[in-house]
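Summary of the model geometry
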Amino acid sequence: MCEYCGCQAVDAIAELTGEHDEVVALISHVRDAHARGDVARMTELAGQIARILGPHTAVEEQGLFPALVGDFPEHVAGLTDEHRRIEGVLAEAAGGGPTDPTWPGRFMDTLRLLRDHILAEQDGVFPAALATLTTADWNTVDDVRRQVHDSTSHMR
């Protein structure tokens, strides 16, 4: 993944990448549950993924993406659209689980999208951010991370 450019030395990118790694690990568990036909376990894992991606997405969309949109408007718009699509399928698992019998298959399709999305961020967005963001931009990303952490720690 994004180890060739040195962007992992930036705390914000290292944290976002760590969250990606957590999600990728959960995806492997979802695949196992899907192979067993265990929709309850898939639903539980969807909740875990959503809990990681909620704050993660806020940091990207409120901190990182605004600093990149001027140079990469179509790319940022595409990633943001993917966030909404992923969130929509994850949301179906909340509140007692999905009722649509097609959800497990759609969830698996969404996880393939998510995996590609993660690679696009780590191999494209993060190196681009390293090259283009100013110190003030990174401070904004860090401020958003703190705000998101503070707001989510009160919900636990």
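How each quantity is defined
Along each chain, residues carry numbers from 1 onward, in the same order as the chain's sequence is written. A pLDDT threshold of at least 70 governs which residues receive local features in this predicted model, and a stricter bar of 80 or more applies before side-chain atom pairs are shown or counted, although totals over entire chains, interfaces and linings include all residues. Remark: hydrogens and water are excluded; side-chain values derive from all non-hydrogen atoms of the structure. Counting from the N terminus, the helices are DSSP H or I runs at least four residues long and the strands are E runs at least two residues long. Each radius of gyration reported is based on C-alpha atoms, and the globular scaling rule is 2.2 Å times the count of residues to the power 0.38. Each residue is assigned to one of three classes by its accessible area relative to the maximum for its type, calculated with a 1.4 Å probe on protein chains only: buried under 20%, partly exposed between the two thresholds, exposed over 50%. The contact criterion used throughout is that any non-hydrogen atoms of two residues lie within 4.5 Å. Here, nonpolar core refers to any group of buried Ala, Val, Leu, Ile, Met, Phe, Trp, Tyr and Cys residues whose side-chain atoms link them within 4.5 Å. Two aromatic rings, drawn from Phe, Tyr or Trp (for Trp, its six-membered ring), form a pair once their centres lie within 6.5 Å of each other, and the interplanar angle then sorts them: stacked below 30 degrees, edge-to-face above 60, tilted otherwise.

1. Focus: the overall build of the chain
Each helix and strand in the chain was counted, giving five helices and zero strands. When the helices and strands of the chain are listed from N to C terminus, the series reads α-α-α-α-α. In terms of overall dimensions, the chain is globule-like: its C-alpha atoms have a radius of gyration of 16 Å, near the 15 Å expected for 156 residues. Its C-alpha atoms give the chain principal-axis dimensions of roughly 45 × 35 × 25 Å. Looking at the chain as a whole, 42% of its 156 residues qualify as buried. Of the contacts made within the chain by residues no fewer than 6 positions apart, 75% connect residues no fewer than 24 positions apart.

2. Remarks on the nonpolar core
For soluble globular proteins, the rule of thumb is that nonpolar side chains tend to be buried together. One finds V23, V30, I49, F107, L111 and L114 to be the most contacted residues of the largest nonpolar core, which totals 22 residues. Counting only elements with at least two residues in this core, the list comes to α1 (11-36), α2 (39-68), α3 (73-91) and α4 (103-132). At seven residues, α4 tops the list of elements feeding residues into this core. Setting aside residues no more than four positions away along its own chain, I49 makes contact with V23, L26, I27, V30, L90, F107, L111 and L114. Core analysis: the second largest hydrophobic core is formed by 19 residues, V10, V59, L68 and V148 among them.

3. Side note on the packing of aromatic side chains
Per the counting criterion, the structure on display carries one aromatic pair. Judged by centre distance (4.6 Å) and plane angle (15 degrees), the rings of W103 and F107 are stacked. Of this pair, W103 and F107 both sit in helix α4, separated by four residues, roughly a single helical turn.

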